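# Descriptive analysis of the structure
One letter stands for each residue in the lines below.
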Amino acid sequence: MAGRTTLRGRELARTRRDMAKLVDADGFRTYIRDGWGEWDSSVDLPQGTAEAAAAHRARLVQALPGKRITLAAGRAHVRSNDTFHEFRADSDFVWLTGCQVEGAVLVLTDDDATLFVPVPSETHSVDFFGDADRSPFWIGAAAGPKEWGQALGITARPLEDLANALRGRHPETLVAKGVDPLLDALTGSHSDELRTVLAELRRIKDDWEIDQLRQAVDASVKGFADVAMELGQAVRGGGERWLQGTFDRRARTEGKGPGYTSIVAAGPHAPVLHWTRCDGRVNDADLLLLDAGVEMNSLYTADVTRTFPVSGEFSAPQRQVYDLVLKSHVAALAEVRPGNDYSAFHHTAMRVLAEGLHDWGLLPVSVDKALDPSGQHHRRYIVCGTGHFLGLDVHDCADARQETYQQGILERGMALTVEPGLYFHPNDETLPPELRGIGVRIEDDLVVTSSGADVLSDALPIETDDVAAWVRKQRS
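Each value, and the rule that gives it
- Residues numbered from 1 in each chain as written.
- Predicted model: local features only at pLDDT ≥ 70, side-chain atom pairs only at ≥ 80, totals over all residues.
- Heavy atoms only, no water.
- Core = buried A, V, L, I, M, F, W, Y, C linked by side-chain atoms within 4.5 Å.
- Buried < 20%, exposed > 50% of the residue type's maximum accessible area, 1.4 Å probe, protein only.
- Helix = DSSP H or I, 4+ residues; strand = E, 2+ residues; numbered from the N terminus.
- Domains from an automatic or database assignment.
- Phe/Tyr/Trp six-rings, centres within 6.5 Å; stacked < 30°, edge-to-face > 60°.
- Contact = heavy atoms within 4.5 Å.
- Buried area = accessible area lost by both parts, 1.4 Å probe.
- Salt bridge = Lys/Arg side-chain N within 4 Å of Asp/Glu carboxyl O.
- Nonpolar A, V, L, I, M, F, W, Y, C, P; charged D, E, K, R; others polar.
- UniProt positions renumbered as here; feature names shortened; annotations may be inferred.
- Pairing = 2+ DSSP bridges.
- Axes fitted to C-alpha atoms, helices over the stretch in contact; angles between N-to-C directions.
- Patch = residues over 30% accessible without salt bridge, like charges linked within 9 Å, V, L, I, M, F, W, Y side chains within 5 Å.
- Areas by Shrake-Rupley, 256 points an atom, 1.4 Å probe, with all protein chains shown as cover.
- Parallel < 35°, antiparallel > 145°, perpendicular 65-115°, else oblique.
- Left-handed = near helix turned anticlockwise from the far one by under 90°.
- Disulfide = S-S within 2.5 Å.

A few words on the nonpolar core. Soluble globular proteins tend to pack their nonpolar side chains together in the buried interior. Counting residues in each nonpolar core, the largest one holds 109 residues, and the members touching the most others are Leu-60, Leu-115, Leu-194, Leu-288, Leu-422 and Phe-424. Broken down by element, the residue count for this core peaks at 11 residues, all from helix H11 (residues 207-229). Two domains each donate at least three residues to this core, and these are domain 1 (24-202) and domain 2 (204-475).

Take a look at the structure:
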């Protein structure tokens with residue numbers, strides 16, 4: 001291991017020496033700076049992005065008047081050595097700007113919004129050929145302040161001007177720190193208030209955001225059908241990983257990619273809540289739990305789960321578990337309406353599950369004792385929650401206060417998931433043998449309307465017989 005580390009270090013040193021030689025080569029530097037046409041540095045944004053971002057900024061200024069607010073897009077994280085994970089901009093920053101440029105910063109006041117954007121390397125600079133992480137010569141054309149300002153209808157300036165824009169103590173600056181080291185160095189302490197206010201504003205989606213979520217769900221429905229069509233190949237030898245790649249390919253084609261690491265869990269892996277390894281076999285006798293969502297180029301993501309029989313037919317024990325989860329799910333969906341407690345769907349789902357488990361003889365206490373806060377015996381088989389807000393983040397608005405989230409009231413425009421399940425691990429000796437190794441979750445994406453809820457993901461079946469027929473149709 002030490003030998004390999006030393007070798008890698010020598011390779012990097014040699015690369016740097018080679019670059020240094022190029023920098024010193026007058027012929028190279030003279031020849032590479034000239035003869036370039038215009039780069040295609042246009043900005044391609046989903047329709048309505050600029051208008052939506054401007055409206056979001058207005059809502060934030062109204063909530064925090066008299067402040068100077070600053071947020072950063074962030075930086076790509078190191079994957080290993082000198083390679084990086086794909087950049088993903090900070091969600092609050094994107095909500096306010098529609099911009100996803102690494103290193104960009106927004107400064108917002110009551111009467112002004114300025115976006116500070118890195119300037120792409122120019123051909124006469126050494127960075128043009130020497131900066132392999134940022135130069136258009138290495139990574140492709142990139143828009144600068146002029147292009148971003150025109151695309152978003154916002155004042156845009158070079159990132160180098162940021163320090164001057166943040167001078168002085170007045171007005172007070174609220175900053176979301178921990179995202180970009182440059183912004184952290186130029187500003188004071190982190191503002192929890194800013195993140196909380198943004199999270200609570202983002203609870204209510206406008207029409208543009210709802211349309212983005214609808215597109216994300218529609219693309220995810222295609223991905224689920226793709227996976228079902230590839231079940232035969234998975235059984236023949238591709239396994240869970242083949243199916244994960246199948247969905248993720250659809251996500252990269254329809255949008256930016258998966259909104260989170262896809263869960264593809266077959267057979268005894270289905271009870272594992274966060275089975276993201278996706279390295280197991282797929283057998284015809286298995287149930288497959290698929291939890292996946294497409295993230296659109298706007299970064300709004302779907303989060304859908306279906307559990308279905310690989311063969312297209314449920315066994316009797318699989319159907320028994322699925323039917324109970326389905327009953328819980330349908331009851332929970334009916335609780336999603338404006339004015340109702342956010343927690344109502346959760347409590348309803350849990351009661352249905354507890355009653356079913358009690359009827360099966362799996363609870364050591366009564367249903368009421370299990371549902372009591374000091375009991376919770378049924379949670380052995382469902383330790384996770386049964387839903388969450390959805391939007392730019394798969395678990396959206398996480399910085400909101402409890403009284404505006406889990407202890408709050410549902411309002412028109414809120415987007416959320418409902419996802420009850422039962423998770424019977426294969427080595428759980430409290431279960432009869434025929435139920436061990438069965439995991440079932442059903443998850444739909446909803447938007448609260450003026451009178452109830454719109455189930456965005458209802459194109460995918462949930463009724464037991466319909467699910468089995470859907471699998472058979474896709475496999476054929």
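Moving on from the model shown.
With that settled, consider the packing of aromatic side chains. On inspection of all chains with the given rule, the structure shows 16 aromatic pairs. An angle of 90° between the planes, with centres 4.8 Å apart, marks the rings of Phe-28 and Phe-129 as edge-to-face. With a gap of 101 residues between them, Phe-28 in helix H2 (residues 26-32) and Phe-129 in helix H5 (residues 127-130) connect regions that are remote in the sequence. Classification of Phe-28 as partly exposed rests on a relative accessible area of 27%. Aromatic side chains Trp-36 and Trp-39 sit 6.0 Å apart centroid to centroid with 20° between the ring planes, which places their arrangement in the stacked category.

Here the domain parsing of the protein chain yields domain 1 (24-202) and domain 2 (204-475). Taking only C-alpha atoms into account, the centre of domain 1 sits 36 Å from that of domain 2. Between domain 1 and domain 2, the residue contacts involve 21 residues of the former and 21 residues of the latter. Around 1700 Å² of area is buried between domain 1 and domain 2 when both sides are counted, 46% of it from carbon and sulfur atoms. At the boundary of domain 1 with domain 2, the tally comes to five salt bridges. A salt bridge links Glu-200 to Arg-401, with the nearest nitrogen and oxygen atoms 2.7 Å apart. Secondary structure elements with two or more residues in the side of domain 1 that touches domain 2: helix H3 (49-63), helix H4 (91-97) and helix H10 (192-201). The class makeup of the residues in the side of domain 1 that touches domain 2 is eight nonpolar, seven polar and six charged.

In this structure's numbering, the residues bearing the UniProt feature "domain: Aminopeptidase P N-terminal" (unreviewed entry) are residues 51-184. Note that residues 51-184 is 33% helix and 21% strand, and that its end C-alpha atoms are spaced 29 Å apart.

Take the sheet that holds strand E13 (residues 387-389) next. With antiparallel pairing, the four strands of this open sheet are ordered in space as E13-E14-E17-E18. Each end of this open sheet is capped by a strand with a single partner; those strands are E13 and strand E18 (453-455). Ignoring strand direction, the axes of neighbouring strands in this sheet form an average angle of 25°. Two elements, strand E17 (residues 444-448) and E18, share three bridges in a ladder whose sense is antiparallel. Bridging from a neighbouring strand, Leu-446 pairs with Val-455 of E18.

Turning to the pattern of salt bridges, a few remarks are in order. What the rule picks out here adds up to 28 salt bridges. Lys-222 is the salt-bridge partner of Glu-254, the closest N and O atoms lying 3.5 Å from each other. Here Glu-254, found in helix H12 (residues 231-254), pairs with Lys-222, found in helix H11; they are 32 residues apart in sequence, far enough to count as distant. Residue Arg-337 pairs with Glu-335 through a salt bridge whose shortest N-O separation is 3.6 Å. Through salt bridges with shared partners, a single ionic network connects Asp-90, Asp-92, Arg-195, Arg-202, Lys-205, Asp-393 and Asp-396.

Now for a nonpolar patch on the surface. On the surface, Trp-36, Trp-39, Phe-137, Trp-138 and Ile-139 cluster together into a nonpolar patch covering about 530 Å² of accessible area. Inspection of the secondary structure puts Ile-139 in helix H6 (residues 136-139).

What follows is about the packing of helix H13 (residues 316-333) against helix H14 (residues 344-359). Each pair of packed helices can be summarised by the angle the axes make with each other and by the distance between the axes. Running from N to C, H13 and H14 cross one another at 155°; their axes reach a closest spacing of 8 Å. As the angle between them shows, H13 and H14 are arranged roughly antiparallel. Where H13 crosses over H14, the two elements pack in a sense that is right-handed. Of H14, the residues touching H13 (which contributes Leu-324, Val-325, Lys-327, Ser-328, Ala-331 and Ala-332) are Phe-345, Thr-348, Ala-349, Val-352, Leu-353, Gly-356 and Leu-357.

As summarised here, the arrangement of the three strands in space is E9-E10-E12, forming an open sheet in which the pairing is antiparallel. Each having just a single partner strand, strand E9 (263-266) and strand E12 (304-309) make up the two edges of the open sheet. The sheet shows a mean angle of 10° between the axes of neighbouring strands, direction not considered. The sheet contact formed by E9 and strand E10 (residues 287-292) spans four bridges and is antiparallel. Note on E10: the bridge partner recorded for Ile-263 is Asp-291. Across the sheet, H12 touches E9, E10 and E12, and the angle it forms with E9 is around 160°.

This paragraph deals with the state of the cysteines. Following the criterion strictly, the structure yields zero disulfides and no others. Free cysteine: Cys-278, not disulfide-bonded; nearest cysteine sulfur from Cys-384 at 17 Å.

To continue, consider the pairing of strand E4 (residues 105-109). When you tally the buried positions in E4, you get five out of five residues, the bulk of the element. Bridge count for strand E1 (residues 68-72) against E4 is four bridges, and the pairing is antiparallel. Note that in E4 the partner of Ile-69 across the bridge is Leu-108. In this structure, the hairpin formed by E4 and strand E5 (residues 112-117) is closed by a connection of two residues.

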